[in-house]
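Next come the chains, spelled out residue by residue.
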Number of protein chains: 2
Amino acid sequence: MNHSRPRTRIQARNQDTILGAALEVFSAQGFRGATLDQIAEVAGLSKPNLLYYFPSKEAIHARLLTGLLDTWLDPLRALDPAGEPLGEMLAYVRRKLDLARDYPRESRLFANEILQGAPRMRAAIEGDLKRLVDAKCALIAGWMEAGRLARSDPHHLIFSIWALTQHYADFDMQVRAVLGPARDPLAEAGPFLDTLFRRMLAPQAPGRSGS
Amino acid sequence: MNHSRPRTRIQARNQDTILGAALEVFSAQGFRGATLDQIAEVAGLSKPNLLYYFPSKEAIHARLLTGLLDTWLDPLRALDPAGEPLGEMLAYVRRKLDLARDYPRESRLFANEILQGAPRMRAAIEGDLKRLVDAKCALIAGWMEAGRLARSDPHHLIFSIWALTQHYADFDMQVRAVLGPARDPLAEAGPFLDTLFRRMLAPQAPGRSGS
DNA sequence: GGCGGATTTGACCGGACGATCAGGACCACG
DNA sequence: CGTGGTCCTGATCGTCCGGTCAAATCCGCC
């Protein structure tokens, strides 16, 4: 009965299958819009079988969310105080954009949750997330103080990185519709964001400019 | 029976009331998550009365969406070919941010719709929106060609403006949680975005730099 | 004040959905 | 080959929800 520690091989396989299907459906339809029947359909299992492995729809959703935040914050954690400031920031943008490209469903699941006011993540956001962001903002502020990055508000700087990278996952449909079928949004976003944050963050003195 | 052209005073009042309540509920819960009972509750009307003024839940939602796109695109339309390029772009950012501040529910309604793949707006996005964006991108490209704006991809530039401004409405909960209760996200966003786009867009040659 | 359409509502319908349960199939192990 | 636990499912329950309807109420107008 212990669902958090799969014991048998079948349990491990089916729980993974269910979580995968649930991610697919929840990210596309939102919590309320998703139904157990759809998830069961995608998973190739019967609805009662889903509820054999998870106690409720809510529980499946909760499991997805808790697994999510860590993955989502890893790139920020990797910001290295010992590194070269501009390079570190651009690498962070790069990693965040890679996440948006490789895990768009996770991004949309997260976006759905925040949009609804984060009823099931509030604690994590006000706790772990805020602490980590505050710490990294202090680091960034230090870099700016030392003249190694152009000055701006570190918190809003981080928001801007989140907004710009996640936009390509969350608003994928709009981006593709506007760009047309011939262009690859995620491929173009890399150089664009590199340029943007280079201009935003490069210290004032030197005369470098990326084309 | 003609609901699109309210004739009596009562019709006008109640339709407005319903649309206001529906905006409140749809933007907070998404289409599937919202119920007619909730909307009726907020509107202070009975559920059957809602359906006296609108033929279905779908119809209420559709009406909100069609009214939305125009408002949402007005700031972009106002981009003036005869104006000073950098000033025009910064004014556009400002207007878009004002929209996010004054109409966060509309922004979230829109975000919800796009997140789900825009099942009810696809046509408008691939039509009107794409055309307008393409036209304005040509204008911006011209400015860049003339050396009056720093070079970058105009489409992605517009995406970045959308992403950065709407982020403050759509992810409001997260932004506030991270900044803490003492700070005003929308007030700080103005100067921040002004700085960001100034650095991003200011032409290379001249020696002006905003503080 | 009373007539006719506009407005409002309580009661209800049918389908969808999350969840339960009893029982059957499967499988590891002796 | 039997036994006990794991795994799976058809049938079903109770609730919610969008939508309908007949009847009551309201309101402008003569």
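In case you missed it, the structure is sitting above this.
Residues numbered from 1 in each chain as written. Chains lettered and ligands numbered in written order. Predicted model: local features only at pLDDT ≥ 70, side-chain atom pairs only at ≥ 80, totals over all residues. Heavy atoms only, no water.

Caption draft 1: Seen up close, the packing of helix α4 (residues 57-77) of chain B against helix α5 (residues 85-102) of chain B. All names here are of chain B. Remark: α4 packs on α5, axes separated minimally by 8 Å, with the N-to-C direction vectors making an angle of 160 degrees. Classified by the angle their axes make, α4 and α5 are roughly antiparallel. Relative to α5, α4 is oriented so that their crossing is right-handed. Contact with α4, carried on its side by T71, W72, P75 and L76, involves Y92, R95, K96 and L99 of α5 and no other residues of that element. Considering only residue class, the contact of α4 with α5 consists of 5 nonpolar, 1 polar and 2 charged. (Axes fitted to C-alpha atoms, helices over the stretch in contact; angles between N-to-C directions. Helix = DSSP H or I, 4+ residues; strand = E, 2+ residues; numbered from the N terminus. Parallel < 35°, antiparallel > 145°, perpendicular 65-115°, else oblique. Left-handed = near helix turned anticlockwise from the far one by under 90°. Contact = heavy atoms within 4.5 Å. Nonpolar A, V, L, I, M, F, W, Y, C, P; charged D, E, K, R; others polar.)

Caption draft 2: Structural view of the interface of chain B and chain A. Across the boundary between the two partners, chain B contributes 55 residues, which contact 55 residues of chain A. A buried area of about 5,000 Å², summed over both sides, lies between chain B and chain A, and 66% of it is on carbon and sulfur atoms. On inspection of chain B and its partner chain A, the count reaches 2 salt bridges. A:R183 is the salt-bridge partner of B:D153, the closest N and O atoms lying 2.7 Å from each other. Where chain B meets chain A, there are 17 residue pairs in polar contact (both at pLDDT 80 or more). (Buried area = accessible area lost by both parts, 1.4 Å probe. Salt bridge = Lys/Arg side-chain N within 4 Å of Asp/Glu carboxyl O. Polar contact = N/O pair within 3.5 Å; in protein donor to acceptor, adjacent residues only side chain to side chain.)

Caption draft 3: Up close: helix α9 (residues 172-179) of chain A. Burial within α9(A) is extensive, with 7 of its 8 residues counted as buried. What α9(A) keeps buried is the set A:D172, A:M173, A:Q174, A:V175, A:A177, A:V178 and A:L179. Contacts from the buried residues of α9(A) go to α6 (104-115), α8 (154-170) and α10 (185-201) of chain A together with α6 (104-115), α7 (122-145) and α8 (154-170) of chain B. (Buried < 20%, exposed > 50% of the residue type's maximum accessible area, 1.4 Å probe, protein only.)

Caption draft 4: Region of the structure containing the environment of B:L36. All names here are of chain B. In this structure, L36 sits in helix α2 (residues 36-43). Residue L36 is classed as buried on the basis of its relative accessible area of 15%. With 10 residues separating them in the primary sequence, L36 and S46 have C-alpha atoms 9.3 Å apart. Once you skip the residues sitting within four places of it in the chain, L36 turns out to touch K47, L50, L51, K57 and I60.

Caption draft 5: A look at the layout of surface pockets. Of the pockets and cavities examined, the second largest pocket occupies roughly 530 Å³. Forming the boundary of the second largest pocket are 30 residues, of which A:Q29, A:G33, B:Q29, B:G30 and B:G33 lie nearest the centre. Of all the elements in the fold, those that place two or more residues in the lining of the second largest pocket are α1 (9-33) and α6 of chain A together with α1 (9-33) and α6 of chain B. Residues belonging to the lining of the second largest pocket are distributed by class as follows: 10 nonpolar, 14 polar and 6 charged. (1 Å grid on protein atoms, 1.4 Å probe; cavity = no way out; pocket = protein on both sides within 12 Å on 5 of 7 lines; lining within 4 Å. Points joined across faces, edges and corners; volume = space filled by probe spheres on them.)

Caption draft 6: Up close: the protein's contact with DNA strand D. As a matter of local geometry, DNA strand D sits amid 18 residues, with A:T8, A:Q11, A:Y53, B:L36 and B:K57 nearest to it. In DNA strand D, the atoms that sit within 4 Å of the protein are 60% sugar and phosphate, with bases accounting for the remainder. Between DNA strand D and the protein, one listed contact pairs a phosphate oxygen with a side-chain N or O atom of A:N14 at 2.8 Å. At the level of secondary structure, the elements contributing two or more residues to the surface near DNA strand D comprise α1 and α3 (47-53) of chain A together with α3 (47-53) of chain B. Of the residues that constitute the surface near DNA strand D, the class distribution is 8 nonpolar, 7 polar and 3 charged. (Near = heavy atom within 4 Å.)

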